[in-house]
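The primary structure of each chain is shown beneath.
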Amino acid sequence: MSEESDSTSANNVENTEKDADEIVTDNAAQLEEQIQNSVNAVIDAVADNGTGDEGADEDTENTLAEETDAVKENLPASEEEEKQPEEVEKQPEEVEKQPDEDKKQPEEVENTDNNDELNFEAERESRKSDESNLKPEQFVDPDVSVHTEPKSLQDTPESSADVNKTEVPPVTEVSAQVVHSEPTLVEANEEELLHKIPEDFYYDHHELVTKPRVSENSEIPESLLTLHHAFGYDCTKRANLHILDEDHLLFSAGSLTVVLSIKLRKHTYLKVIGGGSVGALTVHPQRKSFVVAEKGNKPNICVYEYPSLKLYRILREGTEETYSFVTFDPSGELLASLGGKPDYMLTIWNWRHEHITLRCKAFSQEIFRVSFSNDLEGILTTAGQGHIRFWKMARTFTGLKLQGEIGRFGKTELSDIEGYVELPDGKVLSGCESGNMLLWDGGLIKVQIGRKGKKPCHLGPIQQFIMDEGELLTVGIDGYIRVWDFESIDQAEATDEGALFEMDSMNELLVKDENNNKAMLKWMIKALDGDSLWYAQDADGGIWKLDLSFSHTTKPPEKMFSFHAGPINGMSFSPLTDLTVTTGADKTVRVYDYVTKHQLCVQKFSAAGTCTQWMPTSVDPKGSTIVCGFGDGVLRVMRVTKRELDIHRKSRMGSASFTLTQVLKPHNADVTAIQFNQDYTYLVTGSSDKTIFFFSVDQDFKLNPIGYTSIPCAVQQLQLATHLAENKLLVIGDNGRAMDMALPEPGSVDSSKTFQISGLASREFRFKSIKDRLRREERRLIRERERDLRREKRRKDRQKKIDRGLIDPEKEPEEPDSEEEPDPDEGVPLYIPETYHINTGFYSRDGNKFWLSLSGFDAGFLYECQFAESEAVRLSESYGEPLRWIEIPEMQEKAVSCLSQCVTKNTEMILLGLEDGKIRIQIPNDVSDPNEPIAFNDLAKFWVLPMHDTESGSLSVVKTSANGKFLVSAGRDGNLYVFTFLPPDELEEAMAPAMLPSPRAILDDTAGKLEDIKDPKAYSIEDAKQKAEQDRLLKLAEEKKTGLKKKIQEMRRQFKKLLLKNGEIAPHLQLHRNEFELDPQSKIMLSNETLGRTDMAVTEYAWDSEKQSLALAKLEKQFKSKLDFDSLIVQCIGSEQEVSSFRTEKLPPGFKSQKLELIGKASKGAGLLGAARQLISQQRAENEAAQSQGGGHDEDGSAGVGGGSVNRPGGTDQDKSGGRVDEKAAKALGKMEKQRQRRLARQKQWEDLNKEKPSDDFEDPRDVAEIKYALEHIGDFKLKTAANYVVPEHLRMNTARKLVQLMLLQEKMYNKKRAFNERMLSLKFKKSDVLDEIDRLNEQLQSIHTELKDIESTKRAPERPTLADAEKPEELYHYTREKLIKFQLEKAAKDQSMAMAVASAFTAQTTETDQLAVSGDKKSARPGFSGFSPNPSVNLASGSIRSPSPATSMMESNLTKPSSANTNQMGDGTGYKRPTVAPDTSSVPRLLLGDELLEGENEEEQSQGSMEREESFTSIRQTRIGFRKKASLLNEQDRILSRIEKLTRHFDDQVMSLRAEKFNLQVDLKRADLRNTTLFEEFVQLKEFEKRENNLAAKVDAKYDEKVDIEQKVLDSKTKVETKRLEIERLEERQKNLLEEFKAGLGENNKWEEFLTKVFKKKIKRAKKKEQTGDDDEEEEDDESDSDESDSEDDDFDDEDDEGRVVLDDSICPPGCEQELYDMACNLRETRLDLEEQLAEEKKTFDMMKKDADSMTKKVKQVDNALSAAEKDLEDFQVEKQGKLNQLQMIVVLKLHQIEFLVQGGVLPNDLSEALVFERNGLLRLQTRIHELHDEKQQQNRKQKENKLQNVQLKKGRKMLSSKIQELASECDQMMLLKFGRTVDLQRLEMVTVNRLLEELKEKYRQTELFCDREIQQWDGTIQQQKENITMLTRDNTRRINQMTMLLEEQKVIEDTLNAKQKKLGGEYEGKRKADVRERERLIQLVQLQSQEIEALKEEITLLSRKGGHILPPAQPPMPVNQT
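As the structure is a computational prediction, the values presented were derived from the model and not from experiment.

1. Quick word on the pairing of strand 45 (residues 728-733)
Side-chain positions along a regular strand alternate between the two faces of the sheet.
So, step 1. Summarising burial for strand 45: six of the six residues are buried, a large majority.
So, step 2. Bridge count between strand 44 (residues 715-720) and strand 45: five bridges; the pairing is antiparallel. Within strand 45, the position partnered with Val715 by the bridge is Gly733.
So, step 3. Across five bridges, strand 45 lies against strand 46 (residues 737-742) in antiparallel orientation. Residue pairing across strands places Val731 opposite Met739, the latter belonging to strand 46.
So, step 4. Counting the residues between successive antiparallel strands, the hairpin from strand 45 to strand 46 contains three residues, one of them, Asn735, with a positive phi of roughly 55°.

What follows is the structure, encoded as structure tokens:
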């Protein structure tokens, strides 16, 4: 239709109650337009047919036919419309036309005809065909309400959380006809939803189920594989265990839905219909059906009937990719579904009728679960990642909505919520990640609940809450099921927010197996046949049967079924029987009998299984040996044996067992690949630790390590070149690497010291992507083909025109081809992925070539590559690119995850496992040897079947059995599917149990039980070898050390024998001890000479010493006194690590006071403008408040005065008339008084309401505040370098603020350093305490050594560390004589020989020689004893104890002093060397001499009593030291050594912790230094702008002060003006009241009314008041009197018109007039004159005040302009200043991961000048703010739409009320005219008394009204008759239209005939024929005649429609042609 008809129809739809005359007019207009269009079409058609232009072609004829058809289609009626008139009337609908949909679908709207039912049916059929006939037949039910939702809900804002449900109300018949004439798209959508599916309707599941995809012309049967069994269970999926009845469980496994019989252990499978996998399951509350929600593209929700398993319903288009959860409501009528990413859609279904009830986006992250409340209808809850949401299905005036409220965690940490339960009172109890329970009430956490003792309810998140018979059960991932007291939880309260409410559970059950492996409970359901029997889903791969009776008869948990949990990484077949072994990430190894469908054994290990291999019978004839690799690098060799018979076992599950035969650990990381050579004598393993290990296999299948080699990549796959003569190994690594290496020979590797093999020949290949280049080439070829097709089409079109004679080829030559289209890929660099991941690789038939399959960008191809044969090829740029490639058909960019080759039924097959869970079988054209590598020539023949999970079901292994009859696929979703190639009859024959070897044969081979490797930190083979070698070397060193010690001991014994011999000989022959020294006098002489020279040097350098002392004092004052903390180093005790402090200077004096002063100055300067603005706004608010309070008081007072004056005359009139009227009149007066009072009350209400009415320019303060807040907190970030950047006031920087920043930064740096230094100081003190403690322990240890006397039993203590000089900085600046002497001694000790040191031992004259002797003593006594001995005089070797020597006493005294020189001489463990010279071999005799001297001072006493002492000591040791005491001493010795080690280790840990903290602090301080430099540069820059800024700021402040003053004056003036205005209004009100009082005093029909009125209005001069006023007042009074006289003259003039009859003197009371009335008039006149004078004076004052206020207002504008100019200057200055500051360079330290400014290919550019440094938190905040603003914008748009809708409604309401008021006013006026003959004043009417004549007239009026009613009824009959006439005329009009339609059809037939004749006729018929001309003229006359008849009918219709103004019946559609 045309646009005019569209707009007409839209208006008719919106106005459903339109008058009939308007409808008829619109229909007539449409009719006229359609007829005119048809006439024009007929004329044009006849003209075209008659002329027959020579240039016309087929396009012109088609265009004419299309135009004619369009005219027919636009007709308002047709035969098909009349076929269903009853259906149109039965289903009237009112549909509002939606502009948005009209815009979206313009063609559909324009092409719709009047028959909406036919359009709806056609639309419905088209939708059915689009859905592939999956929907059942639709049945229209007019009683079903339609619920519509947006077409796309992804754009719905999350905060709205509701979707409207629109109900379509019925409309009148007239509007229904209008709607039918123009149906819209909304009607079509709603009509489609109005369907009802029969209860007995079922789908054919066999037709819809997912079937294999077979390529065309491949001759591959669709039934190539048949599913035999599924060993799988998606145990990690939420709520994946349901119960159908007493014997059947329901769960999913990949793409299968499994119905499991508990008793028979029989599986029934249902495959998905959408080609994906199963997403979620649920069971109907009545258990008569269950739901399977799928995964995939546009997944379905299938409802199956139980137990028939028929497909009952299919729900479509609920989400985009996957369903994560589904559940029924308690009634089972509604179904809720949760979609996964990307839409996360919550959908409520009316599942029986397959349509959506409500729908919205649940959250922006993953949602775990949704549920309906069991107690509150319409309440839902969803929970998921970091949120919980509470929903309500609310019915509003717009329909049903779904409103959601997100739970707010408050102080509680944000957490993921897995499980929750709705409580009966509306609260919700949920879990959290910490394991506690959260009680939610009203969207907030009421209390957090945990167990007593601060223990969580569960260790880990709570997976499920269950309310069972008044008890609350919680199911945790930790394997516990706990029962809680529900009343305690429901009434739990917390003292404050975030507090924990503690309580203990009533009962608990730990679910674990016989090996104490805890279950990971995920879901639990209650059995139907037991009160306490439950079934539980174990995320660790199992289904449990639990007894929760908690009694003494409770049965232990029973694990009914066991499955893989997580990915299956390896699988292998038995070569002998129908067994397969698998291993996976759940750390288990399992063996299955896939023929009989049983799991035979399972064993769990300490690490995840990564790969496995079953040995052939050539190696193990029994076929029971398996090799498995694990994630901890362990390689286990096991044998599968039959378990001994157990009569208690009811099934064959667990009928076999594993026996370990060998355990090795070749790697330190997971074993990723195991590969044997062809004869299984050679084994190669690869690992992710970048090593490959080689083993040889002996006859007993024992693995013997050969060695390993390291490679540059982690191993992913290995393959031996079995088809080649040479031994080569293909290694597939990570990141696109592949290697080819030679294998070492078993006997050629020396593994005596290490297993590492070097020098193996290898070649490396790194893959380079070419896929982008291939795709570009494909696009280029497509463009060329398209270009060739366009050329061919142009050529054919040109040839066609040439053949028709339309083009002359000579005159119009063929146009050359236009320029070629530009290549869109030109200039765009090739895309090269950063990383590559090779899924699989294998050798090609050529030994140098191999095939690769990759995932990611390069997926979908197989690439053939070649290793470099020369160095030149390896270094070439093209090396790494594949030689050739084969694209796998219909892969859709999916990667091949695994590949294998097999031959089944004489057919070679290539088995491919895909990443999306599909099994693909390729049938190559050329059949090759299965032992040969696969040849890829043609991949066109394929067979594809989706089985595993589409998201996590990437296939890890797909292989065929040894006999080729079965195929097994293992995926990373934990599922294992067994398929068979056999037909059913052959399969029954093959159903035989697998044969297992006897365990006794295995036990005979393995003598004892092999110990397994369970420690993940255990040594690998290489580590063990290196450890053994290291131990061997250490043993050799210890043996050498022990031999040396023995040699020394032998020498000592010889020396002792010499001493004994020296003592046994005659005394005169014995040698004296002094004779053992060489020359002691020389040492004494040298010492004396040194002392003399020292005294001389002191004297000579005394002046220099004093000078240096003064210089040192000055330096200390300049540098040291300013230091707050000097450098300090603390070293570790057990290592050389150390930590140093910060050298920190003190803050300047007065720093804090200066800082506070600057802060006050900066805040004052910064807040001047803001304070001024705040002061102005505050003053305005105060004045407005005061003004409103004063105005309200005045208005109340005026109202009270007015009310009193009005009431008085009314009351007087009522009193006067009370005695004159009868009772009826009194009641009437009372009624009138009540009406007056009500009117006055309404008037008062109107006045109050008008006072509250805001002005047109009024702005709501809340809106202003919100706008201001939004502008301030909009969240954007304005760059300071932007041209339009305006510096905010709070960010304007000056010198004071910048100086404050500098000082705060310096103070913060100082505090950081000081805090760290204080910790360093405390650590130093702690080290001193630790050393003291070590000293005390060493003393105890020394005493123990003394008591033991057994050198072999004693243990040497670690060497005692000392404090280094750097650890005592306080002593660095203090030098004493002892220090100087010590320095000289240390220097001398380095230069002197050992002989001098030994000789000094006998010299006791000086302290220096004593100290050297003591140190020599300690050195000689150290071997075999404590490293530090506080009592060195104890000699354990000789067994003697003597008193300390003077030298020793001095040393001990020096140790107690901080400045002890000996402290610095002691060795420590920090690497500092002792100052003494290390002894060499030449010093051994001297050391022995020292040992001799320590044995005693008296040689004679030693020689005489040596034998006695030896015998006595031997007897003492035998008698006193027993075995127990010795053991006690040894234990005490170990305790002391352990204590020393613990103290050392603890202190070292503290030092290392502080050291790491210092590193971080140094980084922060360095950044702070950089920031300090930047701030100082900014301060210098700001100093230059300070003067100008102060001047501008002062100018702005002055203008603000001026503005404050002037605005205060304006406010005062306005207040006075308003007060004066109110006073004037009060005076005017008093005048009105005075006049009313005068009229009331006169009464009605007073004959003296005119005279007394003249007296009352007369103006007279009153001299007294003039005399009392001043001169100015006299002038004003004169002016007023003149005006009064002029007014009186006017009055006199008016009176003269009346004086034509009677002239009376108004100065006296005329005769006949009451004196009281005259006196009243005179008194009221005086009052009136007083009021007039006062009013005139007040008006004059008001005018003057108003003039002053206007002048003040003008001045305010001037001040505002000046202030704006000053502020503009200040802002310009701030921009200029900011620009200067922006030019300063700022240093920012960034790490590489912080730089995101990368060019194409992810390369860091050389120039970062265009980059922007931004805080990550700020960037994240801005990104988050974008989404927030988007949500706010959508929310505001929604509010705006709501407000607009409300505004429209209010306007409509206002318009309706206004029209109603006008109607009532008009009705009131008419009633006044009818009653009074004119409009009267109701106020005056209320004062009028009751008129008896009026009552008589009322009765007469009533009689007249009855007569008129009867006459109206007569006219109604007449009108009804005229309506029937109109109906007849309308039908006649319809008949005529039908005639016109018939004529048009005839015209079409004639045109077709003319066209046919025109084509056949020759040239003689080219002219116009007379018959055609006559026919044309006849048709034109006929059309004109019909037009005239239509005009006549229109006029008649218009005439009839205007009579009476009543609604006419609707126009009937025209009758069909065949009914005329």
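2. A few points about the pattern of salt bridges
So, step 1. Applying the stated rule across the entire model yields 70 salt bridges.
So, step 2. The closest approach of N and O atoms between Arg1143 and Asp1126, which form a salt bridge, is 3.4 Å. Here Arg1143 is found in the loop between strand 61 (1138-1140) and strand 62 (1144-1145), whereas its partner Asp1126 is found in the loop between strand 59 (1123-1125) and strand 60 (1129-1131), with 17 residues between them in sequence.
So, step 3. We classify Asp1126 as buried; its relative accessible area is 17%.

3. Some thoughts on the environment of His387
So, step 1. Along the chain, His387 falls in strand 17 (residues 387-396).
So, step 2. Each C-alpha atom of the pair His387 and Arg408 lies 8.2 Å from the other, and the pair is 21 residues apart in sequence.
So, step 3. When sequence neighbours within four positions are dropped, the list of residues in contact with His387 reads Phe363, Glu366, Ile367, Phe409, Ser415 and Ile417.
So, step 4. For His387, the side chain forms a polar contact with the main-chain oxygen of Gln385, separated by 3.2 Å.

4. Concerning the sheet that holds strand 50 (residues 861-866)
So, step 1. The antiparallel open sheet is built from four strands, whose spatial order is 48-49-50-51. The open sheet has two edge strands with one neighbour each: strand 48 (838-843) and strand 51 (884-887). Geometrically, the sheet is characterised by an average inter-axis angle of 20° between neighbouring strands, direction not taken into account.
So, step 2. In this sheet, strand 51 lies alongside strand 50 in antiparallel orientation, the contact comprising four bridges. Across the sheet, Phe861 pairs through a bridge with Glu887, a residue of strand 51.
So, step 3. Sheet strands touched by helix 13 (residues 771-804): strand 50 and strand 51. Its angle to strand 50, the strand with the most contacts, is close to 120°.

5. Side note on the packing of aromatic side chains
So, step 1. As enumerated under the stated definition, the model contains 33 aromatic pairs in all.
So, step 2. Among the aromatic residues, ring-to-ring pairing joins Tyr202, Tyr312, Phe328 and Trp351 into one connected group.
So, step 3. Lying across the ring of Tyr312, Arg313 places its NZ or CZ 3.9 Å from the centre.
So, step 4. Over the ring of Tyr420 we find Arg369, and its NZ or CZ is 4.6 Å from the ring centre.

6. Describing the packing of helix 24 (residues 1295-1348) against helix 32 (residues 1523-1642)
So, step 1. Following both chains from N to C, one finds helix 24 and helix 32 inclined at 165°, their axes separated by 9 Å at the closest point. Considering the angle they form, helix 24 stands roughly antiparallel to helix 32. Where helix 24 crosses over helix 32, the handedness of that crossing is left-handed.

7. Some remarks on the nonpolar core
So, step 1. Core analysis: the biggest nonpolar cluster contains 62 residues, and Ile348, Leu380, Leu402, Tyr535 and Ile921 have the highest contact counts within it.
So, step 2. Excluding its chain neighbours within four sequence positions, the residues that come into contact with Tyr535 are Leu241, Ile243, Leu249, Ile262, Trp523, Met524, Ile525, Ala527, Trp544, Lys545 and Met560.

8. Digging into the environment of Cys628
So, step 1. In this structure, Cys628 sits in strand 37 (residues 625-630).
So, step 2. Considered as a pair, Cys628 and Cys611 are 17 residues apart in the sequence and their alpha carbons are 5.7 Å apart.
So, step 3. The contact partners of Cys628, leaving out residues within four places of it in the chain, are Val589, Cys611, Thr612, Val634, Leu635, Arg636, Met638 and Ile674.

9. What to know about a negative patch on the surface
So, step 1. A cluster of acidic side chains, namely Asp808, Glu810, Glu812, Glu814 and Glu815, defines a negative patch on the protein surface.
So, step 2. Assignment of secondary structure puts Glu812 in the loop between helix 13 and strand 48.
So, step 3. Judged by relative accessible area, Glu812 falls into the partly exposed class, the value being 43%.

10. What about helix 13?
So, step 1. The terminal C-alpha atoms of helix 13 lie 49 Å apart, and with 34 residues this matches the ideal 50 Å at 1.5 Å per residue to within 8%.
So, step 2. Here helix 13 has its buried residues at Lys771, Asp772, Leu774, Arg775, Arg776, Arg783 and Arg798.
So, step 3. After helix 13 finishes, the residue Gly805 shows a positive phi value of roughly 85°.

11. Description of the side chain of Arg359
So, step 1. Mapped onto the fold, Arg359 is located in strand 14 (residues 355-361).
So, step 2. Within the structure, the side chain of Arg359 is placed 3.5 Å from the backbone oxygen of Glu317, a separation counted as a polar contact.

12. With respect to helix 33 (residues 1649-1657)
So, step 1. Turning to helix 33, its buried residues are Phe1651, Leu1652, Val1655 and Phe1656. One side of helix 33 carries all its buried residues, which in axial view fall inside an arc of 135°.
So, step 2. Summarising the contacts, the buried residues of helix 33 are in contact with helix 32 and helix 36 (1715-1782).

13. Observations concerning a positive patch on the surface
So, step 1. A contiguous patch of positive charge on the surface is contributed by Lys1231, Lys1234, Arg1238 and Arg1242.
So, step 2. Secondary-structure assignment places Lys1234 in helix 22 (residues 1223-1252).
So, step 3. Taking the relative accessible area as the measure of exposure, Lys1234 reaches 57% and is therefore exposed.

14. Brief notes about the environment of Lys849
So, step 1. If you trace the backbone, Lys849 turns up in strand 49 (residues 849-854).
So, step 2. In this view, Lys849 contacts Tyr843, Ser844, Glu864, Cys865, Gln866 and Leu883; residues no more than four positions away in its chain are not counted.

15. Examining the side chain of Ser255
So, step 1. Within the secondary structure, Ser255 sits in the loop between strand 4 (248-253) and strand 5 (256-261).
So, step 2. Here the side chain of Ser255 touches Met947 through a polar contact of 2.6 Å, landing on its backbone oxygen.
So, step 3. Beyond its immediate stretch of four places on either side in the chain, Ser255 contacts Leu270, Lys271, Val272, Gly276, Ser277, Val278, Pro946, Met947 and Tyr977.

16. What about the state of the cysteines?
So, step 1. Under the counting rule described, the total for this entry stands at zero disulfides.
So, step 2. Counting only cysteine sulfurs, Cys1713 is the nearest neighbor of Cys1709, a cysteine outside any disulfide, at a range of 4.3 Å.
So, step 3. Unpaired in terms of disulfides, Cys1722 finds its nearest cysteine sulfur in Cys1709, a separation of 8.6 Å.
So, step 4. Look at Cys1722 and you get buried, because its relative accessible area is 14%.

17. Topic: the sheet that holds strand 37
So, step 1. The strand order 36-37-38-39 describes an open sheet built from four strands, whose pairing is antiparallel. Edge positions in the sheet fall to strand 36 (609-614) and strand 39 (656-664), since each of these pairs with one other strand and no more. Taking the axes of each pair of neighbouring strands and ignoring which way they run, one obtains an average angle of 30° across the sheet.
So, step 2. In terms of strand pairing, strand 36 meets strand 37 through five bridges, oriented antiparallel. Across the sheet, residue Thr612 finds its bridge partner in strand 37, namely Cys628.

18. Some thoughts on the packing of helix 32 against helix 33
So, step 1. At a minimum axis distance of 11 Å, the contact between helix 32 and helix 33 shows a crossing angle of 150°. The orientation of helix 32 relative to helix 33 falls into the category roughly antiparallel. Remark: the crossing between helix 32 and helix 33 carries right-handed chirality. Here Leu1634, Leu1635, Phe1638 and Leu1642 of helix 32 lie close against helix 33, whose contacting residues are Glu1649, Leu1652, Thr1653 and Phe1656.
So, step 2. In the contact of helix 32 with helix 33, the residues fall into six nonpolar, one polar and one charged.

Rules of the game
- Residues numbered from 1 in each chain as written.
- Predicted model: local features only at pLDDT ≥ 70, side-chain atom pairs only at ≥ 80, totals over all residues.
- Heavy atoms only, no water.
- Buried < 20%, exposed > 50% of the residue type's maximum accessible area, 1.4 Å probe, protein only.
- Helix = DSSP H or I, 4+ residues; strand = E, 2+ residues; numbered from the N terminus.
- Pairing = 2+ DSSP bridges.
- Salt bridge = Lys/Arg side-chain N within 4 Å of Asp/Glu carboxyl O.
- Contact = heavy atoms within 4.5 Å.
- Polar contact = N/O pair within 3.5 Å; in protein donor to acceptor, adjacent residues only side chain to side chain.
- Axes fitted to C-alpha atoms, helices over the stretch in contact; angles between N-to-C directions.
- Phe/Tyr/Trp six-rings, centres within 6.5 Å; stacked < 30°, edge-to-face > 60°.
- Lys NZ or Arg CZ within 6 Å of the ring centre and 35° of its normal.
- Parallel < 35°, antiparallel > 145°, perpendicular 65-115°, else oblique.
- Left-handed = near helix turned anticlockwise from the far one by under 90°.
- Core = buried A, V, L, I, M, F, W, Y, C linked by side-chain atoms within 4.5 Å.
- Patch = residues over 30% accessible without salt bridge, like charges linked within 9 Å, V, L, I, M, F, W, Y side chains within 5 Å.
- Areas by Shrake-Rupley, 256 points an atom, 1.4 Å probe, with all protein chains shown as cover.
- Lys, Arg positive; Asp, Glu negative; His and termini not counted.
- Charge placed at Lys NZ, Arg CZ, Asp CG, Glu CD.
- Expected span 1.5 Å × (residues − 1).
- Arc of directions from axis to C-beta.
- Disulfide = S-S within 2.5 Å.
- Nonpolar A, V, L, I, M, F, W, Y, C, P; charged D, E, K, R; others polar.

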